[in-house]
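Remarks on the overall topology
Here's the letter readout for the chains.
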Amino acid sequence: MTLEPYLLYALAGVGLFAIGLYALIARTHLLRKILALNVMGTGVFLFLVAIAYRSEPVADPVPQAMVLTGIVVSVCATGLALALAHRVQTTTGRMVLPENDESGA
Amino acid sequence: MNAPDGITDDTRLTPLRLIIMLFVLTLAGALGWAVCSLPEYSSGLAVTALAELSNSGVLNPVTAAVLNYRGYDTLLEIAVLLLAVIGVWSLAQAEPPAAFEPASPVLLSFMRIVLPLMILIAGYLLWIGSFAPGGAFQGGAVLAGVLVLLRLSNQDFAIWSHEVWLRFCLVLGLSVFIAVAVGVMAGGGKLLEYPRAHAGMLILLIESAALISIALTLAALFVGGRALSDEDSSSASENGVQPK
Amino acid sequence: MTLWNTAPWLVWCIVLPLSAGILTFLFRRAAPWIGIASALGSAIAVAGLAAQVMHSGPLRYSVGGWGVPLGIDLRADGLSVLMLVMSAVIAVAVSVYAACYFSDTDAADKHAAQAHQRAYFWPLWMFLLAGLNGLFLAADIFHLYVTLELLGFAAVSLAALAGKRAAVVAAMRYLLVSLSGSLFFLFGVAILYAAYATVDLTALAGKVQPGPLAWSALALMAAGLLIKGAVFPLHFWLPPAHANAPTPVSALLSALVVKASFYILLRLWFELFSAVVTPATATFLGLLGAGAILWGSAQALHQPRLKLLVAYSTVAQLGYLMLVFPLTQNAGSALTAWSACVYFVLAHACAKTAMFLAAGNIAHAAGHDRIADLDGITQALPLSVAAFALAGISLIGLPPSGGFIAKWMLLQAAIGSGEWGWATLILAGSLLAVAYVLRVLWHAFTQVEVARPLHRVPRTMEWSALALSLLAVLLGLMAARPVELLRTGAPASIHAPGQT
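All values reported here derive from a predicted model rather than from experimental measurement. (Residues numbered from 1 in each chain as written. Chains lettered and ligands numbered in written order. Predicted model: local features only at pLDDT ≥ 70, side-chain atom pairs only at ≥ 80, totals over all residues. Heavy atoms only, no water.)

Structural notes on the interface of chain B and chain C
Rules: Any two residues having at least one pair of non-hydrogen atoms within 4.5 Å are treated as being in contact. Throughout, the accessible surface (probe 1.4 Å) given up by two parts as they are put together, summed over both, is called the buried area. Basic side-chain nitrogens of Lys or Arg form a salt bridge, by our definition, when they fall within 4 Å of a carboxyl oxygen of Asp or Glu. Counting of polar contacts relies on pairs of N or O atoms within 3.5 Å, with two restrictions inside protein: one atom must be capable of donating a hydrogen and the other of accepting it, and residues adjacent in sequence are counted only when both atoms are side-chain atoms.
Of the residues lining the interface, 52 residues belong to chain B; the matching set on chain C comes to 56 residues. When chain B packs against chain C, the two sides together hide about 4900 Å² of surface, and 75% of this comes from carbon and sulfur. Considering only the side of chain B, the residues that lose the most area to chain C are Leu45(B), Tyr72(B) and Leu83(B), jointly responsible for 14% of the buried surface there. Here chain B is connected to chain C by 2 salt bridges. Of the charged contacts in the structure, one is a salt bridge between Glu163(B) and Arg28(C), with a shortest N-O distance of 3.9 Å. Summed over the shared surface of chain B and chain C, the result is 8 residue pairs in polar contact (both at pLDDT 80 or more).

Shown next as structure tokens:
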């Protein structure tokens, strides 16, 4: 089997998704977690662009539209997450999630 | 452990992290295997999308997909943008502009050259979106860059201090989009079913309104909190300080 | 009459709350009135839609007139209509409650915080309602992703609204969980599109074949929804997020938002992937449900705070919903199990909203919600304690409540297919629910000689809780209509050959 260019990009998308997921679970600093989510998202977008690129005679516009929607949602998510992380820092003094914080009134 | 708020993070490979890594690698392997079994060529919806292009009111298939075929997705996406600003504003008040350093003369003269060009480019991207890559999101991102530069040079007090106008401009894109989407139903069509003859004009109308809202939204996310407006300051004096 | 039958009600279910979101953001002073009007308007639209579906069967509506595969379709069948009716009823009750809750200035120390919360609650809640209605009507899996995000952002911002340390931390965790869940879901959508070149639920259902692509898409989407739906053991984020939010928000999150993920899971399992799912995966999901029932109830039993107890009860009750997957494996009892589980969603939504509102009233009056210090609260707030008890009856599953009918049908399905293990689990879960509800009532009904100073609770807040709890109890007496409606457009995979 020859490695089609689109497949290379699609597999790279899977790889980015996995790297992001690892960092999201394993890292504690909130900025890193937010960046990890962005890396995961980029993986999905790369995968979508790769499958659009696969199409003949022109690139499929529908996954491109989906990526555009996805990017906008991801920008909003990052903005909201950063604002929330900032609040976490101002209320707890640290940029990490405390281990046990269920019972705090 | 490292300093509590430094960007540095503990990166040692503990047993727990090893397990997470194995789990993630398994997931990536399984997904990779699945991706390799994808059909080698598939035109997806490209053929259908091109065949309907002449009915979509624009010549760029991606713009047709974003604002016509899947316009309903985009409608809710504009709502997500507005929602993100409301969410951020509900969390915190913006840092007062005075917290920034006075702008350097280099930045100011750079901006004098670059800002008019950026505004021009934003308009150009909006206009060209109907037949080539471009559109409201791309133009809006460039326009947001203008606002971010103004912010960095501490020149944007006028924008963030008029909260009534700010709110109006933020909701403009979604309001026009909803008005058009529902308005075309008056002629007997479905939601977002533009009349063929006016599709191009209606899409440009939606995009122009969205451009302003997108630019302001992105800049508002950058600023990161609601502005201290007249209404806020009056309620703050009535009620004591805002919740911290 | 023709207007009533042909009007595009499903569009108004989405457009009304969306427009109200804009208006409540622009006009703060009128926001409560706009919000209540929009909740009522959406309820009317839902009623119109329900009439259409009952009259002429499932509906499809092609937005933009393009149709599948290029455009996005909306659709309404029995399941989506029931979900919409549920959210409409809860929306009206919670909006009325919230209008009172956020403008109640009795607690003077909270004044500034309340003004802030009032200003942002309404637009966020209106967008939440729009996302919810859009989600229940979407027939397109990519559009489901967009509505999930709309819902998620609104829910997270609302969860953080209280602004206190615990609420902000819980909301941050909720946001990370919600976003990663959405990305898992989106990756599944991308794989399905790559393989089958469409994102329409119905079109995909006819194309999906067992194979690595379908399995990985199912695994990704199910994982994303399980974490967003707080299914054990991925429930860790739910209790703090729900318990630390303002009362109306707690009710909305617990009653409606987690159900959205479960609804999508139902759609995927019984329609999209019906050719792919296996009995082993169904049993696995059932076991997760069993874990949720036992763990959630056990945690609820020893929570010190009332709102945390109610939140853990949500974790346990969500476990029952997961039993639908193993119990529909037997063709003979599939339809019973399916109806039971959807009825469970409705009953739980009413009961849990009522319970959270009642708990909020109690916390508002007492100034705290430590269960051990609630002695004698019944003397001060008889209506709210009654609402709590009635909602408890439905959660436990005593007749004639909605919870009773749902559990009864679940038991029928379990016994009918000889699954004694699941039947025992259902009964054990009820006993645990008895224990944690009684624990609260025990304290509430203890007589005290000297009444403690209490804040006044507005009548409207007490009555909204009581009305919903009465509805939860009465749901058991009017089960025939919803169950009948549910068969309208029920997925083929749950119809046994002999039953159709």
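Focus: the pattern of salt bridges
Test applied: A helix here means a DSSP run of H or I that spans at least four residues, while a strand means a run of E at least two residues long, and both kinds are numbered starting from the N terminus. We call a residue buried when its accessible area falls under 20% of the maximum for its residue type, exposed when it is over 50%, and partly exposed in between, using a 1.4 Å probe and counting protein chains only.
Throughout the structure, instances matching the rule amount to 11 salt bridges over all chains. A salt bridge links Arg70(B) to Asp140(C); the shortest N-O distance between them is 2.9 Å. Highlighted residues: Arg70(B) in the loop between helix H3 (61-69) and helix H4 (71-91) and Asp140(C) in the loop between helix H5 (111-137) and helix H6 (141-159), drawn from two different chains. Across this residue pair, the class does not change: Arg70(B) and Asp140(C) are buried.

Concerning the packing of H6(C) against helix H11 (residues 247-272) of chain C
Residue and element names in this part refer to chain C. The line we're drawing: Axis lines are fitted to C-alpha atoms, over the contacting stretch for helices. Their N-to-C directions set the angle, which ranges from 0 to 180 degrees. For this classification, under 35 degrees means roughly parallel, over 145 means roughly antiparallel, 65 to 115 means roughly perpendicular, and everything else is oblique. Left-handed describes a crossing whose near helix is turned anticlockwise from the far helix through less than a right angle; right-handed describes the clockwise counterpart. Under this grouping Gly is polar, as are all residues other than the nonpolar Ala, Val, Leu, Ile, Met, Phe, Trp, Tyr, Cys and Pro and the charged Asp, Glu, Lys and Arg.
Axis separation between H6 and H11 bottoms out at 11 Å; the angle between their running directions is 160 degrees. It follows from the interaxial angle that H6 and H11 lie roughly antiparallel. Crossing of H6 over H11 shows left-handed handedness. In this structure, H6 uses Ile-141, Leu-144, Leu-148, Leu-151, Ala-155, Leu-158 and Ala-159 to contact H11, whose residues at the interface are Val-249, Leu-253, Val-257, Ala-260, Ile-264, Leu-268 and Leu-272. Taken together, the residues of the contact of H6 with H11 sort by class into 14 nonpolar, no polar and no charged.

Digging into the pairing of strand S2 (residues 72-76) of chain C
Residue and element names in this part refer to chain C. Worth spelling out the cut-off: Any two strands are treated as partners once DSSP identifies two or more bridges connecting them.
The buried fraction of S2 amounts to 5 of the 5 residues, a majority that puts the element mostly inside the structure. Of the two faces of S2, the one holding Ile-72, Leu-74 and Ala-76 and the one holding Asp-73 and Arg-75 are both buried throughout. The pairing of strand S1 (residues 59-63) with S2 spans 5 bridges and is antiparallel. Looking at S2, one finds that Ser-62 is bridged to Asp-73.

Section: the interface of chain B and chain A
Taken residue by residue, the interface counts 50 residues in chain B and 45 residues in chain A. In total, chain B and chain A occlude about 4300 Å² of area from one another, counting both sides; carbon and sulfur atoms represent 71% of this. Counting across the chain B and chain A interface gives 0 salt bridges. Across the chain B-chain A interface, the total number found is 7 residue pairs in polar contact (both at pLDDT 80 or more). Elements represented by at least two residues in the side of chain B that touches chain A include exactly helix H1 (15-36), helix H2 (46-51), H3, H4, helix H6 (136-152) and helix H9 (199-223) of chain B. Top contributing element to the side of chain B that touches chain A by residue count: H1(B), with 11 residues. Considering only residue class, the side of chain B that touches chain A consists of 32 nonpolar, 9 polar and 9 charged.

A short note on the environment of Val434(C)
Residues and elements named next belong to chain C. Position of Val-434 relative to the elements: it lies in helix H19 (residues 420-444). A residue is classified by how much of its surface remains accessible, and Val-434, at 27% relative accessible area, is partly exposed. The spatial distance from the C-alpha of Val-434 to the C-alpha of Phe-187 is 42 Å, given a sequence separation of 247 residues.

Describing the environment of Ala243(C)
Residues and elements named next belong to chain C. Along the chain, Ala-243 falls in helix H10 (residues 238-243). You can call Ala-243 buried: its relative accessible area is 2%. Between the C-alpha atom of Ala-243 and that of Ala-311, which follows or precedes it by 68 residues, the distance is 6.0 Å. Excluding its chain neighbours within four sequence positions, the residues that come into contact with Ala-243 are Arg-305, Lys-307, Leu-308 and Ala-311.

Focus on the side chain of Arg54(A)
Selection rule: Under this rule, positive means Lys or Arg and negative means Asp or Glu; His and the chain ends count for nothing.
Residue placement: Arg54(A) occurs in the loop between helix H2 (30-53) and helix H3 (61-92). Buried and without a salt bridge, Arg54(A) has Asp60(A) as its closest oppositely charged side chain, separated by 6.7 Å. One polar contact links the side chain of Arg54(A) to the main-chain carbonyl oxygen of Ala194(C), over a distance of 3.0 Å. In contact with Arg54(A), other than residues within four places in its own chain, are Tyr6(A), Leu38(B), Pro39(B), Glu40(B), Tyr41(B), Ser42(B) and Ala194(C).

With respect to H3(B)
Burial analysis of H3(B) places 9 of its 9 residues in the buried class, which makes it a mostly covered element. Along H3(B), the positions that sit buried rather than exposed are Pro61(B), Val62(B), Thr63(B), Ala64(B), Ala65(B), Val66(B), Leu67(B), Asn68(B) and Tyr69(B).

That's the geometry; what it means functionally is another story.
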